[in-house]
Amino acid sequence: CRVQSLMRRMVGGTTADGCNYPSLVSITSYGFTVCNGVYSNGAIIVPDSCAGYMEYFNAYSGGDMTITAGDGTSTVIAKDDISAGISSVTANGDGTSTVTLSTDFTGGCVTNVEVYDPATHSVADVAASCRVVSYGGTSDVPEPLPGQPSETPLVSNPTLDCCDQLLPQLSTQVIGGDLSAAAGTYTCTATDAAMCAGDLGAPVYCTDDNTGADVLVGMVVNSGCLAGETFVSLDLTGGSLTGFS
């Protein structure tokens, strides 16, 4: 098990149509993807640590911060002026934060995310088809640049001993916050592709068999950047869908 350097992206995924995942957003600064998130009512939902990353990169990266939706629609936050582009940051108590934008997205296919709710979603209906979507490269080499949306399906029965090694490292791999001390539930899962450390916040969607909607069940928080290796995800199902499979 290992944790790769910041900025490296998903390797081995397949190119995704951004409008197939209209709630997906990426946060980039100075040509690098800081993290991924999802759109909801004029705001983006990101892991708590990503909110800290955004402040760090806005102050020290040397460039503006751009929040881009899957279809290419974007809004820009000027360097050293994050307060002008973000009106508030609120911790949700589940390991995610809601970052409210001063300037909302306009046009395009941007749509509010549908988050897993045990009152309306059945585990049996969403457990069969789950995947990770991220602004990652699709080449054989991890890429530091935003690239375009890529996706990869989850595989069942991850290697849990690897997960046990990754979980304690959450507190040492975050510039903007300590994930081990954050609210939220974590689970371990895997893909045939390589999820890398730069895929922070990449949403895990499962398709609801009844409605056909892609339901957000988790967000990537740590990984080893090796194809097929376990990665750690924030579990937004409250443990209802352990391993998302």
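Here, every reference points to the structure presented above.
Because the structure is a prediction, the values reported are computed rather than measured.

Asks: Please set out the sheet that holds strand β7 (residues 86-91) residue by residue, giving values where relevant.
Replies: Read across the sheet, 7 strands follow the order β6-β5-β2-β3-β4-β8-β7 without closing on themselves; strand pairing throughout is antiparallel. Single-partner strands in this sheet number two, and they are β6 (74-77) and β7. Neighbour to neighbour, the strand axes of the sheet diverge by 30° on average, direction disregarded. Taken together, the 4 bridges between strand β5 (residues 65-69) and β6 define a ladder with antiparallel strand orientation. Its bridge partner lying in β6, Met65 is registered against Ile77.

Asks: Tell me about unusual backbone geometry, and please be specific about residues and values.
Replies: One non-glycine residue, Asn41, lies in the positive phi region at around 50°. If you trace the backbone, Asn41 turns up in the loop between β3 (32-40) and β4 (43-47). Note on Asn41: relative accessible area 61%, which makes it exposed.

Asks: Now, about the pairing of β7: what can you tell me, with residues and values included?
Replies: Where β7 lies against strand β8 (residues 96-101), 5 bridges are found, and the strand directions are antiparallel. Bridging across to β8, Thr90 finds its partner in Thr98. Remark: 4 residues form the turn of the hairpin made by β7 and β8, two consecutive strands paired antiparallel; Gly93 in that turn has positive phi of roughly 85°.

Asks: Provide a residue-level description of the pattern of salt bridges, including the pertinent values.
Replies: Counted by the stated rule, this structure contains 1 salt bridge. The shortest N-O distance in the salt bridge between Asp214 and Arg131 comes to 3.0 Å. Separated by 83 residues along the polypeptide, Asp214 in strand β14 (residues 214-222) and Arg131 in strand β10 (residues 130-136) bring together distant segments of the chain. The exposure class of Asp214 is partly exposed, given its relative accessible area of 24%.

What counts, and at which threshold
Residues numbered from 1 in each chain as written. Predicted model: local features only at pLDDT ≥ 70, side-chain atom pairs only at ≥ 80, totals over all residues. Heavy atoms only, no water. Pairing = 2+ DSSP bridges. Helix = DSSP H or I, 4+ residues; strand = E, 2+ residues; numbered from the N terminus. Axes fitted to C-alpha atoms, helices over the stretch in contact; angles between N-to-C directions. Buried < 20%, exposed > 50% of the residue type's maximum accessible area, 1.4 Å probe, protein only. Salt bridge = Lys/Arg side-chain N within 4 Å of Asp/Glu carboxyl O.

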